Amino acid sequence: MYDPAQLRTFLAVAQTLSFTRAARRLGVRQSTVSQHVRRLEDAVGRPLFSRDTHSVALTEDGEAMLGFARRILEVHEQAAAFFTGTRVRGRLRFGASEDFVLTRLPEILEAFRYEHPEVDLELTVELSGTLHEQLAAGKLDLVLAKRRPEDPRGQLVWHDRLVWIGAERLRLDPDRPVPLIVYPPPGISRALAFEALQRQGRPWRIVCTSGSLNGLIAAARAGLGVMAHSRGLIPPGLVRVPDRVGLPELGQVDFVLVHGRRRPSAQDAADALAAAILAGGDRLHRR
């Protein structure tokens with residue numbers, strides 16, 4: 001009933017909330033993306049996106065289609081692998097940034113391990129900047145991490161905004177330096193927070209540094225200060241700092257998959273895991 005190519009296009013638009021970015025991810029023209037979405041909506045008989053010249057958003061039916069599309073594509077891939085007799089093997093060194101500690105990434109990895117039991121998966125959890133360095137050094141085969149908007153590397157998983165977050169009861173004194181909770185260098189959100197405050201001419205002081213997301217969350221929940229974080233990944237117990245506080249805009253951030261040097265023993269496994277993450281990418285930031 002539903003064309004797998006149209007479902008993949010639907011997932012790409014749902015995760016990037018942009019027909020243009022979805023086209024870049026899929027390597028097709030924007031007109032092809034629009035055509036796939038229109039044909040899928042015709043098959044469903046209901047609109048899946050509400051869109052205008054400035055924004056794209058899922059409708060309620062679109063939200064429901066997310067789960068159906070993932071499951072249909074998963075079964076499609078299973079059937080294809082069964083009847084072609086292909087078995088993915090090898091050792092795969094996968095790096096995921098600290099941002100995904102509290103998401104449903106483990107569910108995606110568990111399903112991948114079930115589908116590809118002959119792959120030896122080695123997981124490294126680190127800061128995005130560190131993962132990019134390890135990838136460049138040939139220590140990892142595939143990385144899921146943040147990148148700066150101007151960085152061209154990687155396949156887009158989704159596009160998000162950075163926002164300031166903290167404890168709900170936190171009150172900032174406008175006459176005192178902003179208390180910052182940050183990752184150590186080379187944290188990307190750390191650098192963007194510093195740059196934004198510098199542009200505004202706003203002084204700051206570091207009240208907590210931790211390489212662990214759980215450490216940062218603990219400091220924020222204790223009311224020690226504020227931290228820059230993805231809007232789609234705000235941890236439980238923390239909230240966005242209201243705009244009336246006057247903190248500067250932090251800008252956009254992309255979450256991407258980046259392949260390392262193509263080792264023959266890892267290439268098929270890296271491609272398979274990348275496809276699984278792209279298919280289930282909305283589970284990484286939607287609750």
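What this report covers is the structure whose coordinates are included nearby.

Definitions and cut-offs
Residues numbered from 1 in each chain as written. Predicted model: local features only at pLDDT ≥ 70, side-chain atom pairs only at ≥ 80, totals over all residues. Heavy atoms only, no water. Patch = residues over 30% accessible without salt bridge, like charges linked within 9 Å, V, L, I, M, F, W, Y side chains within 5 Å. Areas by Shrake-Rupley, 256 points an atom, 1.4 Å probe, with all protein chains shown as cover. Salt bridge = Lys/Arg side-chain N within 4 Å of Asp/Glu carboxyl O. Helix = DSSP H or I, 4+ residues; strand = E, 2+ residues; numbered from the N terminus. Buried < 20%, exposed > 50% of the residue type's maximum accessible area, 1.4 Å probe, protein only. Phe/Tyr/Trp six-rings, centres within 6.5 Å; stacked < 30°, edge-to-face > 60°. Arc of directions from axis to C-beta. Contact = heavy atoms within 4.5 Å. Core = buried A, V, L, I, M, F, W, Y, C linked by side-chain atoms within 4.5 Å.

## Re a nonpolar patch on the surface
- Taken together, Val 101, Leu 102, Leu 123 and Val 125 make up a surface patch of nonpolar side chains, about 310 Å² in accessible area.
- Looking at the secondary structure, you find Val 125 in strand 4 (residues 119-126).

## A closer look at the pattern of salt bridges
- Per the counting criterion, the structure on display carries 13 salt bridges.
- Between Glu 118 and Arg 89 there is a salt bridge; the shortest N-O distance is 2.5 Å. With Glu 118 in the loop between helix 5 (105-115) and strand 4 and Arg 89 in the loop between helix 4 (60-84) and strand 3 (90-97), this residue pair connects regions lying 29 residues apart in the sequence.
- Given the relative accessible area of 48%, Arg 89 is considered partly exposed.
- In this structure, the salt-bridge partner of Arg 161 is Glu 249, at a minimum N-O distance of 3.2 Å. Taken together, the residues Arg 161 in strand 6 (residues 155-166) and Glu 249 in the loop between strand 10 (239-240) and strand 11 (252-259) connect sequence positions 88 residues apart.
- What emerges from the salt-bridge pattern is a single network uniting Arg 93, Asp 141 and Arg 263.

## Observations regarding the packing of aromatic side chains
- Taken as a whole and assessed by the stated rule, the structure comprises six aromatic pairs.
- Taking the centre distance of 6.2 Å and the plane angle of 70° together, the rings of Phe 19 and Phe 49 count as edge-to-face. In this pair, Phe 19 sits in helix 2 (residues 19-26) while Phe 49 sits in strand 1 (residues 49-51), placing the two residues 30 residues apart along the sequence. Residues Phe 19 and Phe 49 agree in their burial class; the two are buried.
- Relative to Trp 158, the ring of Phe 100 lies with its centre 6.0 Å away and its plane at 80°, an arrangement referred to as edge-to-face.

## Comments concerning unusual backbone geometry
- Cis geometry marks the peptide bond from Pro 185 to Pro 186; its omega dihedral reads 5°.
- Assignment of secondary structure puts Pro 186 in the loop between strand 7 (178-182) and helix 7 (188-200).
- For Leu 17, which is not glycine, the phi dihedral falls at a positive 50°.
- Mapped onto the secondary structure, Leu 17 falls in the loop between helix 1 (4-16) and helix 2.
- The exposure class assigned to Leu 17 is partly exposed, which follows from its relative accessible area of 35%.

## Side note on helix 8 (residues 213-221)
- Looking only at helix 8, the buried set comprises Leu 213, Leu 216, Ile 217, Ala 219 and Ala 220. On an axial view of helix 8, the arc spanned by its buried residues comes to 160°, and they lie on one face.
- The inward-facing, buried residues of helix 8 abut strand 7, strand 8 (204-209) and strand 9 (227-230).

## Some thoughts on the nonpolar core
- Phe 94, Leu 105, Leu 144, Trp 164 and Val 226 are the most contacted members of the largest nonpolar core, which totals 45 residues.
- Looking at this core, the element that brings in the most residues is helix 9 (residues 264-279), giving seven residues.
- One finds Ala 22, Leu 40, Leu 66 and Leu 73 within the second-largest nonpolar core, a separate group that totals 20 residues.

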